[in-house]
Amino acid sequence: MDIREKALQVKGIFIELDTEIRKFVARTGIGCVEGCHGECCNKDVYATTLEFFPMAFELFREGKAEQILKNIENRKSSICVFYKRETDGTYGIYETRGLICRLFGFSSIVKKDGTSEMVTCKFIKDRFKQIMPHISNDIITSHYYRRLQAIDIRLSQRDLPINEAIRSAINTVGIFLTYDSSHSFSE
């Protein structure tokens, strides 16, 4: 399976996850809290290279990959290169954001005792503290990471600081596109 096929499979996982998150939000009413300014992004986040393949293809398609690499290189902060506090943390690549960016706030981890606990921010916990103990959440973080590992174990197992994961994805896709005979950026 080549890099483009892997990116398409990752994108497929994202589409399924986004559907599950929309269902969860509709069923529970739990969602991001207005005015938090994307505080979940305003810290050191770790991610894998593979989860940023769809973004890397999109950046090359838009002619922005080189600029993002420069921005990462010149960045003094470990906070995601795309994070913009003044716009509540949203950024131009929201549709192609990584798996960690999609899962946080809406997924659960399974604890050693078999119970699950939502992985979310203090804003959501505070806003929805009355209903959260009564919410069932079938969006399990480890399930989605295992699905990434099934696509490519090597590129999905090593957690890197988020900007390093983005850089690695851009570099890997860039090398692929350099030697790919079709030179197509479409997914």
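Located above this text is the structure these notes cover.
Given the structure is predicted, the values throughout are model-derived calculations rather than measurements. (Residues numbered from 1 in each chain as written. Predicted model: local features only at pLDDT ≥ 70, side-chain atom pairs only at ≥ 80, totals over all residues. Heavy atoms only, no water.)

## Things to note about the overall build of the protein
The secondary structure content of the protein amounts to 8 helices and 4 strands. Walking the protein from its N terminus toward its C terminus, one meets helices and strands in the order α-β-α-α-α-β-β-α-α-α-β-α. In terms of overall dimensions, the protein is globule-like: its C-alpha atoms have a radius of gyration of 17 Å, near the 16 Å expected for 187 residues. The dimensions of the protein, computed from C-alpha atoms along their principal axes, are 55 × 35 × 30 Å. Every one of the 187 residues in the protein was classed for burial, and the buried ones make up 44%. A separation threshold of at least 6 residues defines the contact pool for the protein, and within that pool the share at least 24 residues apart is 80%. Taken as a whole, the protein presents about 10500 Å² of accessible surface, with 51% of it coming from carbon and sulfur. (Helix = DSSP H or I, 4+ residues; strand = E, 2+ residues; numbered from the N terminus. Rg over C-alpha atoms; globule rule 2.2 N^0.38 Å. Buried < 20%, exposed > 50% of the residue type's maximum accessible area, 1.4 Å probe, protein only. Contact = heavy atoms within 4.5 Å. Areas by Shrake-Rupley, 256 points an atom, 1.4 Å probe, with all protein chains shown as cover.)

## As for the packing of helix 2 (residues 53-61) against helix 8 (residues 162-179)
Where helix 2 meets helix 8, the axes come as close as 8 Å, and the angle between the chain directions of the two elements is 60°. Taken together, the axes of helix 2 and helix 8 lie oblique to each other. The handedness of the crossing between helix 2 and helix 8 is right-handed. Every residue of helix 8 that contacts helix 2 at Phe 53, Met 55, Ala 56, Phe 57, Leu 59 and Phe 60 is listed here: Ile 166, Ala 169, Ile 170, Thr 172, Val 173, Gly 174, Phe 176 and Leu 177. Its residues assigned to classes, the contact of helix 2 with helix 8 comprises 12 nonpolar, 2 polar and no charged. (Axes fitted to C-alpha atoms, helices over the stretch in contact; angles between N-to-C directions. Parallel < 35°, antiparallel > 145°, perpendicular 65-115°, else oblique. Left-handed = near helix turned anticlockwise from the far one by under 90°. Nonpolar A, V, L, I, M, F, W, Y, C, P; charged D, E, K, R; others polar.)

## Section: the nonpolar core
Counting 51 residues, the largest nonpolar core has Phe 82 and Ile 166 as its most contacted members. Mapped onto this core, the elements with two or more residues apiece are helix 1 (3-28), helix 2, helix 3 (65-74), helix 4 (99-103), helix 6 (141-151) and helix 8. Excluding anything up to four places from it in sequence, Ile 166 contacts Phe 52, Met 55, Ile 68, Ile 72, Cys 80, Val 81 and Phe 82. (Core = buried A, V, L, I, M, F, W, Y, C linked by side-chain atoms within 4.5 Å.)

## Observations regarding the packing of helix 1 against helix 2
Orientation of helix 1 relative to helix 2, taken along the N-to-C sense of each, is 115°, at an axis distance of 8 Å. Packed against helix 1, whose contacting residues are Ile 3, Arg 4, Lys 6, Ala 7, Val 10, Lys 11 and Phe 14, the element helix 2 presents Phe 53, Pro 54 and Phe 57 at the interface. Among the residues making up the contact of helix 1 with helix 2, the classes are represented as 7 nonpolar, no polar and 3 charged.

## Quick notes on the pattern of salt bridges
In total, this model carries 11 salt bridges according to the counting rule given. Notably, a salt bridge pairs Glu 62 with Lys 64, separated by 3.3 Å at the nearest N-O pair. Given a relative accessible area of 35%, Glu 62 falls into the partly exposed group. Judged by its relative accessible area of 43%, Lys 64 is partly exposed. Between Glu 73 and Arg 167 there is a salt bridge, with its nearest N and O atoms 2.9 Å apart. Remark: Arg 167 occurs in helix 8 and Glu 73 occurs in helix 3; sequence separation between them is 94 residues. Beyond isolated ion pairs, a larger network of salt bridges with shared partners links Glu 58, Arg 61, Glu 62 and Lys 64. (Salt bridge = Lys/Arg side-chain N within 4 Å of Asp/Glu carboxyl O.)

## Let's talk about the environment of Ile 21
Along the chain, Ile 21 turns up in helix 1. Between the C-alpha atoms of Ile 21 and Gly 105, which are 84 residues apart in sequence, the distance is 9.8 Å. When sequence neighbours within four positions are dropped, the list of residues in contact with Ile 21 reads Arg 102, Phe 106 and Ile 139.

## Some points on helix 6
Every buried residue belonging to helix 6 is among Thr 141, Tyr 144, Tyr 145, Leu 148 and Ile 151, and all of these are buried. An end-on view of helix 6 places all buried positions within 105° of arc, on one side of the element. At its buried positions, helix 6 is contacted by helix 1, helix 4, strand 2 (107-110), strand 3 (116-119) and helix 7 (153-157). (Arc of directions from axis to C-beta.)

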